[in-house]
Amino acid sequence: MKLFNPLVLTSLLLGSLASAHDYTRGDLHIEHPWSRELPEVAPSLAAYFTLENLGSSDDQLLGASSPIAGRVELHEHVHVEGRMKMQAVSQVAVPASGRVEFRPMTYHVMLFDLKQHPKSDEVFPLTLHFARAGDVAIEVTVQKEAPSRSQNHAH
Ligand SMILES: [Cu+2]
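Participant: Requested: an account of the environment of Tyr48, with residues and values cited.
Facilitator: Tracing the sequence through the fold places Tyr48 in strand S3 (residues 44-53). With 62 residues separating them along the chain, Tyr48 and Met110 place their C-alpha atoms 9.3 Å apart.

Okay, here's the thing in structure tokens:
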């Protein structure tokens, strides 16, 4: 007798939602949060999205948290002596009428001490902490490849 596996169903449903998704809180718009699928042994993972501030007041992303990670940091990539390395930053400015891209080789949210390794087409919760907009809960879609530009700006 074959039992239907509810995990498969969940994954199919999430898969159909895995195209562009976005969030709005006040003047703040968060586009298509995503993360690349990584092997189980990966010690950390990175989350990416685009922040758009449609208002006339500056905001700052101060940090983030997730139930799947023991520690979450905001990171940027910098050139140091001709090599790219990443380093933690205490905040990322989201200026009025401005747009900040979190994508590979620029800003990213870095999750450490992982309690789960989400697979492609699954989502995991992430809460972004903003100085003005407050806490915004989003879901990060895990995908095998980086989203295309058109997917990123599908709205
Ligand atoms: Cu990093």
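Don't stop here, the text continues.
Participant: Residue-level account of the nonpolar core, with values.
Facilitator: In this structure, Phe49, Leu51, Val109, Leu111, Leu126 and Leu128 are the most contacted members of the largest nonpolar core, which totals 28 residues. For Leu126, the contacting residues outside a window of four places in its chain are Ala47, Phe49, Ala64, Ser65, Ser66, Val109, Leu111, Val136, Ala137, Ile138 and Val140.

Participant: Go over the coordination of the copper ion with me, naming the residues and quoting the values.
Facilitator: The protein atoms donating to the copper ion are His75 (ND1), Met86 (SD), His108 (NE2) and Met110 (SD), with metal-donor distances spanning 2.1 to 2.3 Å. In this structure, the copper ion is surrounded by 4 donor atoms whose angles at the metal cover 103 to 118°, and the resulting shape is tetrahedral. Written as a sequence motif, the donor residues of the copper ion are H-x10-M-x21-H-x1-M. With His75 in strand S5 (residues 69-80) and Met110 in strand S9 (residues 108-114), this residue pair connects regions lying 35 residues apart in the sequence. We note that His75, like Met110, is buried.

Participant: Please give an account of the pairing of strand S11 (residues 134-143) that cites residues and values.
Facilitator: Side chains on a regular strand alternate between the two faces of the sheet. One ladder, built from 3 bridges, connects strand S2 (residues 28-36) with S11; its direction is parallel. Counted as the bridge partner of Trp34 is Thr141 from S11. Pairing of strand S10 (residues 123-130) with S11 involves 8 bridges; the strand directions are antiparallel. The residue bridging Val123 from the neighbouring strand is Thr141, located in S11. Connecting S10 to the antiparallel partner S11 that follows it, the hairpin turn spans 3 residues.

Participant: So, the pattern of salt bridges: which residues are in play, and what are the values?
Facilitator: On inspection of all chains with the given rule, the structure shows 6 salt bridges. The salt bridge involving Lys144 is made with Glu37; its shortest N-O contact spans 3.3 Å. You can see Lys144 sitting in the loop between S11 and helix H2 (149-152) and its partner Glu37 sitting in the loop between S2 and S3, a full 107 residues away along the chain. The closest approach of N and O atoms between Arg103 and Glu101, which form a salt bridge, is 3.5 Å. Taken together, the shared-partner salt bridges connect Glu31, Glu52 and Arg99 into one network.

What counts and how
- Residues numbered from 1 in each chain as written.
- Predicted model: local features only at pLDDT ≥ 70, side-chain atom pairs only at ≥ 80, totals over all residues.
- Heavy atoms only, no water.
- Helix = DSSP H or I, 4+ residues; strand = E, 2+ residues; numbered from the N terminus.
- Core = buried A, V, L, I, M, F, W, Y, C linked by side-chain atoms within 4.5 Å.
- Buried < 20%, exposed > 50% of the residue type's maximum accessible area, 1.4 Å probe, protein only.
- Contact = heavy atoms within 4.5 Å.
- Donors = N, O, S within 2.8 Å, 3.2 Å for Na, K, Ca; no water.
- Tetrahedral: all angles 85-135°; square planar, octahedral: opposite > 155°, others 65-115°.
- Pairing = 2+ DSSP bridges.
- Salt bridge = Lys/Arg side-chain N within 4 Å of Asp/Glu carboxyl O.

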